[in-house]
Number of protein chains: 2
Amino acid sequence: MISRPLSDTDRTRHRRLREQGGRERAELDAILDAGFCCHLGVVVDGCPMVVPTVYGTDGRQLYLHGSVASRSLVAAPDAPVCVTVTHIDGLVLARSVFEHGVNYRSAMIYGAPRVVTDPAEKLEGLRILTEQAAPGQWDYARRPSRKELAATTLLALSLGEASVKTSSGPPEDGDGPDAGLGAVAYTHLTLPTITNV
Amino acid sequence: MISRPLSDTDRTRHRRLREQGGRERAELDAILDAGFCCHLGVVVDGCPMVVPTVYGTDGRQLYLHGSVASRSLVAAPDAPVCVTVTHIDGLVLARSVFEHGVNYRSAMIYGAPRVVTDPAEKLEGLRILTEQAAPGQWDYARRPSRKELAATTLLALSLGEASVKTSSGPPEDGDGPDAGLGAVAYTHLTLPTITNV
């Protein structure tokens, strides 16, 4: 497989915990493919606003949608946003409180989304978004009417600037002074994962 | 029970889908108590940054922590942030694509967090945060050393300005023109919920 590195911009460069930082585009794709819910961050009147919403991706861009009246979607077009997709895989319970943590996979996508106005792309974007959450539903359910399409804003955000962070496995406290605390004192729990239908 | 309304500020007022908007402080508490992971939104160089992190709450404020070197935590103190906690409860599959949706419970907390510098409060905040994700671990695991405390930033964010949105139940397409599409065509799935240990 040809390596496709992720972007290396000021916003996406890993400064801390580099061992948790992803480098490959394939890692981003895997995280996005595994979910359908994200948190959209926009700036409204100088203040951040973080809104949970659903997304779909075609591998080149992320589609987001909502009411044309939505405050977060009104603020987003051509303005900087950050979309974060997070999967919580488990709690990591260590010998020390300090080494406690969470196993997770997370992607952050930065950019200025564009409003999709082309009717064909808008329909295709909504299809992608619907199929991401509920595969098969686009062909099963009634598709959007002209009126419904007019009431919906669809945004497209390039995947060109993104970062990935993941953590997995047990805590790393077995070699330090805490190892003397005795038997392995942690439990690595695998929490349930939300799966599509 | 005495009713304690949530704040009614420009940021927390519900403008759309008011039937999904919570009004009671008890709803906020229930959403926060049900989880331990949130998305912290900060503004860095004019751009939003949305970071998944863990939290704990004592019912008055939310505690967040991280490395003293963390970009998001360095940006947060005394600056506007938005912390969002979301539980995805189910996919709602309707007769029409337009009526598809997600059942969820979500809380957004706005404010400018303060850095906790008092040693006793810092330890208590970390206890609350640890116990929120993993009840019992504070008494079981080794507690933070002075060096570990110095490497950790603890933020406290008041719950005074918050909004709640929830959605539950089946899609509301049974009375409209789509009812003619025949038998109930939706499946209301209850997705797994992440529970503490």
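On a predicted model such as this, the values are computed, not experimentally measured, just so you know.

> Would you mind showing me how to read unusual backbone geometry here?
With the exception of glycine, the majority of residues adopt a negative phi angle, and the majority of peptide bonds are in the trans configuration. Residue and element names in this part refer to chain A. One non-glycine residue with positive phi stands out, namely aspartate 45, at about 55°. The residue aspartate 45 is located in the loop between strand E1 (37-44) and strand E2 (47-57) in this model. Overall, the relative accessible area of 73% leaves aspartate 45 in the exposed class.

> Help me understand the sheet that holds strand E8 (residues 162-167) of chain B in this model?
As a general point, the strands of a sheet are linked pairwise by backbone hydrogen bonds and lie either parallel or antiparallel. Residues and elements named next belong to chain B. Across the sheet, 8 strands lie side by side as E6-E7-E3-E2-E1-E4-E5-E8; this open sheet has antiparallel pairing. Edge strands, defined here as strands with exactly one partner in the open sheet, are strand E6 (114-115) and E8. Of the pairings in the sheet, the one linking strand E2 (residues 47-57) to strand E3 (residues 61-67) comprises 3 bridges and is antiparallel in character. Bridging from a neighbouring strand, tyrosine 55 pairs with leucine 64 of E3. Running at roughly 105° to strand E5 (residues 101-111), helix H1 (residues 25-33) makes contact with E2, E3, strand E4 (81-92), E5 and E8 of the sheet.

> Would you mind going over the interface of chain B and chain A with me for this structure?
It is common to report an interface's size as the accessible area lost on association of the parts. Across the contact, 64 residues belong to chain B and 64 residues belong to chain A. Roughly 5000 Å² is buried in total at the junction of chain B and chain A, and carbon and sulfur atoms are behind 70% of that figure. Where chain B touches chain A, the interface holds 2 salt bridges. We note a salt bridge from A:Asp178 to B:Arg142, for which the minimum N-O separation is 2.7 Å. Applying the counting rule to chain B against chain A returns 17 residue pairs in polar contact (both at pLDDT 80 or more). Per-element tally for the side of chain B that touches chain A: the top contributor is E2(B), with 7 residues. For the side of chain B that touches chain A, the class distribution of residues is 38 nonpolar, 15 polar and 11 charged.

> Before we go on, may I ask you to explain the relation of the copies chain B and chain A in this structure?
Each copy of the chain is related to the other by a rotation around an axis and a translation along that axis. Rotating chain B by 180° and moving it 0.0 Å along the rotation axis overlays it on chain A with an RMSD of 0.0 Å. This pairing of chains is accounted for by a two-fold axis. Most of the interface of chain B is mirrored in chain A: 100% of its interface residues are interface residues there too.

> Explanation requested: the sheet that holds strand E3 (residues 61-67) of chain A in the structure shown.
Residue and element names in this part refer to chain A. Taking strand neighbours across the sheet as the criterion, the 8 strands line up as E6-E7-E3-E2-E1-E4-E5-E8 in an open arrangement whose pairing is antiparallel. Across the chains shown, the open sheet's two edge strands, defined by having one partner strand only, are strand E6 (114-115) and strand E8 (162-167). Judged from the 8 bridges that link them, E1 and E2 form a sheet pairing that is antiparallel. Looking at E2, one finds that valine 44 is bridged to cysteine 47.

Cut-offs applied
Residues numbered from 1 in each chain as written. Chains lettered and ligands numbered in written order. Predicted model: local features only at pLDDT ≥ 70, side-chain atom pairs only at ≥ 80, totals over all residues. Heavy atoms only, no water. Helix = DSSP H or I, 4+ residues; strand = E, 2+ residues; numbered from the N terminus. Buried < 20%, exposed > 50% of the residue type's maximum accessible area, 1.4 Å probe, protein only. Pairing = 2+ DSSP bridges. Contact = heavy atoms within 4.5 Å. Axes fitted to C-alpha atoms, helices over the stretch in contact; angles between N-to-C directions. Buried area = accessible area lost by both parts, 1.4 Å probe. Salt bridge = Lys/Arg side-chain N within 4 Å of Asp/Glu carboxyl O. Polar contact = N/O pair within 3.5 Å; in protein donor to acceptor, adjacent residues only side chain to side chain. Nonpolar A, V, L, I, M, F, W, Y, C, P; charged D, E, K, R; others polar. Least-squares fit on C-alpha atoms with pLDDT ≥ 70 in both.

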